[in-house]
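# Notes for the structure review
Below, each chain spelled out in residue letters.
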Amino acid sequence: MDDTTINDFESALAELESIVKELEQGNLALEQSLRLFERGVELSRYCHTRLDAAERRIEVLTEQGEPGPPPASLAPAAGKGAQ
C-alpha cells in the first residue's frame, strides 16, 4: 500500500472497506495495524468531505428547482374570499 493518493470516492471507499476487513481479522503487527488505521482515517475524512460537498450540491439544485412563495402582489389577501 505504497500509493497514498486518493483517486475518487469509489476507490477510496473500496480501500477503506478492505482496510476494515484486514484490521478486523487481527492478524497484523501493531505497527502495520497503526499504518492501516491512519490510512483508514485519511480515507474516511476524504469520503466524508466528498459526501458533504455532494449534499450541498444537491441542496442547491433542489432549492433552484422548487417553486418559492408567490410574490406578495399575487398572494390572496387575508380575510377575502372566506365568507
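Computed from a predicted structure; not experimentally measured.

Secondary-structure assignment places tyrosine 46 in helix α2 (residues 30-65). Classification of tyrosine 46 as buried rests on a relative accessible area of 19%. For the pair formed by tyrosine 46 and leucine 13, sequence separation is 33 residues and the distance between their alpha carbons is 9.3 Å. The residues touching tyrosine 46, leaving out its near neighbours within four places in the chain, are Ile6, Asn7, Asp8, Phe9 and Ala12.

Between its first and last C-alpha atoms helix α1 (residues 9-25) spans 25 Å; for 17 residues at 1.5 Å apiece the expected length is 24 Å, and the two agree. All buried positions along α1 are accounted for by Ala12, Glu15, Leu16 and Ile19. Projection of α1 onto a plane perpendicular to its axis shows the buried side chains occupying an angular sector of 105°, all on one side. Residues Glu10, Lys21, Glu24 and Gln25 are exposed on α1 and point more than 90 degrees away from its buried face. The secondary structure elements touched by the buried residues of α1 are α2. Sitting at the amino-terminal end of α1 is aspartate 8, which places a side-chain oxygen 3.3 Å from the backbone nitrogen of glutamate 10.

Counted under the stated rule, the structure contains two salt bridges. For glutamate 15, the salt bridge is made with arginine 39, and the minimal N-O distance between the two is 2.8 Å. With glutamate 15 in helix α1 and arginine 39 in helix α2, the pair connects residues that are 24 residues apart, well separated along the chain. No difference in accessibility class separates glutamate 15 from arginine 39, as the two residues are buried. Among the salt bridges present, the one from arginine 39 reaches glutamate 42, with a minimum N-O distance of 3.0 Å.

Procedures and definitions
- Residues numbered from 1 in each chain as written.
- Predicted model: local features only at pLDDT ≥ 70, side-chain atom pairs only at ≥ 80, totals over all residues.
- Heavy atoms only, no water.
- Helix = DSSP H or I, 4+ residues; strand = E, 2+ residues; numbered from the N terminus.
- Buried < 20%, exposed > 50% of the residue type's maximum accessible area, 1.4 Å probe, protein only.
- Contact = heavy atoms within 4.5 Å.
- Expected span 1.5 Å × (residues − 1).
- Arc of directions from axis to C-beta.
- Polar contact = N/O pair within 3.5 Å; in protein donor to acceptor, adjacent residues only side chain to side chain.
- Salt bridge = Lys/Arg side-chain N within 4 Å of Asp/Glu carboxyl O.

Coordinates in, geometry out; function isn't part of it.
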